[in-house]
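Analysis of the macromolecular model
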Amino acid sequence: MKIFLIGFMGTGKTYSGKQLSDKLNIPFFDLDEEIIRHESKSINAIFAEKGEEYFRLLEKDVLHIITEYNESFIMACGGGTPCYYNNIDYMNKEGISIWLNTSIDTLYKRLANEKEKRPLIRDLTDEQLRAFIAKKFSDRKIFYGQASIIIDEEPVSLDKLIEKIFHA
Ligand code: S3P
């Protein structure tokens, strides 16, 4: 079973992914962490030194490597992963994608307190952050919406995830 958790920054993909991994006894991968390991550099440093285009290519390559070399896993993807290089089609072909659809208000509340590690938002004022989330979310919805499973409930519960996965 290959499960890809997708959704905007701050939706709790890593948190829910670890919960699912423990419950189902399936290995967990955090795509950002794997990219960091692969490059021996933080996400911020990759963006700053090589640029976003380089990061997106790397993101696609690491996504493919993990998917091809592992039979079964839960993967927390990055917020932009499904939006580049047909990655959403690839995920749906290889396994099940799940969109954690968190409201813009909740995202804003969470991200306003955790800008530092995220290159796309670290230099924004709170007001700019709100506008950034609204615009990016609306651009990305078309990709997120192609997920095999959509979870609208907040907060995401492990029981709901399990129920949806086994009735998909
Ligand atoms: C990004 C989200 C980040 C990380 C990178 C770009 C995005 O992942 O991949 O900073 O484009 O939304 P998280 O969603 O885990 O924060």
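Right above here is the structure, for reference.
Here's a quick rundown of the structure.

Cut-offs applied
Residues numbered from 1 in each chain as written. Predicted model: local features only at pLDDT ≥ 70, side-chain atom pairs only at ≥ 80, totals over all residues. Heavy atoms only, no water. Near = heavy atom within 4 Å. Polar contact = N/O pair within 3.5 Å; in protein donor to acceptor, adjacent residues only side chain to side chain. Areas by Shrake-Rupley, 256 points an atom, 1.4 Å probe, with all protein chains shown as cover. Core = buried A, V, L, I, M, F, W, Y, C linked by side-chain atoms within 4.5 Å. Buried < 20%, exposed > 50% of the residue type's maximum accessible area, 1.4 Å probe, protein only. Helix = DSSP H or I, 4+ residues; strand = E, 2+ residues; numbered from the N terminus. Contact = heavy atoms within 4.5 Å. Phe/Tyr/Trp six-rings, centres within 6.5 Å; stacked < 30°, edge-to-face > 60°. Lys NZ or Arg CZ within 6 Å of the ring centre and 35° of its normal. Lys, Arg positive; Asp, Glu negative; His and termini not counted. Salt bridge = Lys/Arg side-chain N within 4 Å of Asp/Glu carboxyl O. Pairing = 2+ DSSP bridges. Axes fitted to C-alpha atoms, helices over the stretch in contact; angles between N-to-C directions.

Turning next to the site of the ligand. Neighbouring the ligand are 13 residues; Lys13, Asp32, Arg56, Gly79 and Arg140 lie closest to it. For the ligand, an oxygen atom lies 2.8 Å from a polar atom in the side chain of Arg140. Coverage of the ligand by the protein amounts to 93% of the 390 Å² it exposes when considered alone.

In terms of nonpolar packing, the biggest core is built from 33 residues, with Ile6, Phe8, Ile35, Met75, Leu111 and Ile133 touching the most fellow members. At the level of secondary structure, the elements contributing two or more residues to this core comprise strand E1 (2-6), helix H2 (31-39), helix H3 (43-50), helix H4 (52-69), strand E3 (73-76), helix H5 (87-94), helix H6 (104-112) and helix H7 (126-144). Sequence-distant contacts of Phe8, defined by excluding residues within four places in its chain, comprise Lys13, Gly79, Leu107, Leu111, Phe132, Ile133, Lys136, Phe137, Arg140 and Tyr144. The next biggest cluster of nonpolar side chains, apart from the first, holds 15 residues, and it includes Leu24, Ile96, Ile149 and Ile151.

Let us look at the packing of aromatic side chains. Evaluated as defined, the whole model comprises 6 aromatic pairs. Here the aromatic rings of Phe8 and Phe137 are separated by 6.1 Å at their centres, their planes lie at 50 degrees, and the arrangement is tilted. Here Phe8 is found in the loop between E1 and helix H1 (13-24), whereas its partner Phe137 is found in helix H7, with 129 residues between them in sequence. Accessibility assignment for this pair places Phe8 and Phe137 in one class, buried. Grouping aromatic residues by their ring pairs yields a cluster made of Phe8, Trp99, Phe137 and Tyr144. Above the ring of Tyr85, the side-chain terminus of Lys60 is found at 5.3 Å from the ring centroid. Stacked on the ring of Tyr108, the Lys or Arg Arg130 has its end atom at 4.0 Å from the ring centre.

Another point: the side chain of Asp30. Note on placement: Asp30 falls in strand E2 (residues 28-30). Lacking a salt bridge, the buried Asp30 has Lys18 as its closest oppositely charged neighbour, with an N-O distance of 6.4 Å. Not counting residues within four places of it along the chain, the set of residues in contact with Asp30 comprises Thr14 and Ala76.

All right, on to the environment of Gly7 then. Within the secondary structure layout, Gly7 lies in the loop between E1 and H1. Residues Gly7 and Gly79 lie 72 residues apart in sequence; the distance between their C-alpha atoms is 5.4 Å. In contact with Gly7, not counting residues within four places along its chain, are Lys13, Gly78, Gly79, Trp99, Leu100 and Tyr144.

On inspection of all chains with the given rule, the structure shows 12 salt bridges. A salt bridge links Asp105 to Arg130, with the nearest nitrogen and oxygen atoms 3.5 Å apart. Of the two residues, Asp105 sits in helix H6 while Arg130 sits in helix H7, which places them 25 residues apart along the sequence. On the accessibility criterion, Arg130 (40% relative accessible area) is partly exposed. Within this structure, Glu52, Arg56 and Glu59 form a network of salt bridges that share partners.

A word on the sheet that holds strand E4 (residues 96-100). Two modes of strand pairing occur in sheets, parallel and antiparallel, and in both the strands are linked by backbone hydrogen bonds. The 5 strands are arranged E2-E3-E1-E4-E5 in an open sheet whose pairing can be described as parallel. Strand pairing shows two members of the sheet lacking a second neighbour, E2 and strand E5 (149-151), which therefore form its edges. Sheet twist, expressed as the average angle between the axes of neighbouring strands with direction ignored, equals 20 degrees. When E1 meets E3, the two strands line up parallel, connected through 4 bridges. Bridge assignment links Leu5 to a residue of E3, and that residue is Ala76.

Bear in mind that shape data such as this cannot, by itself, settle questions of function.
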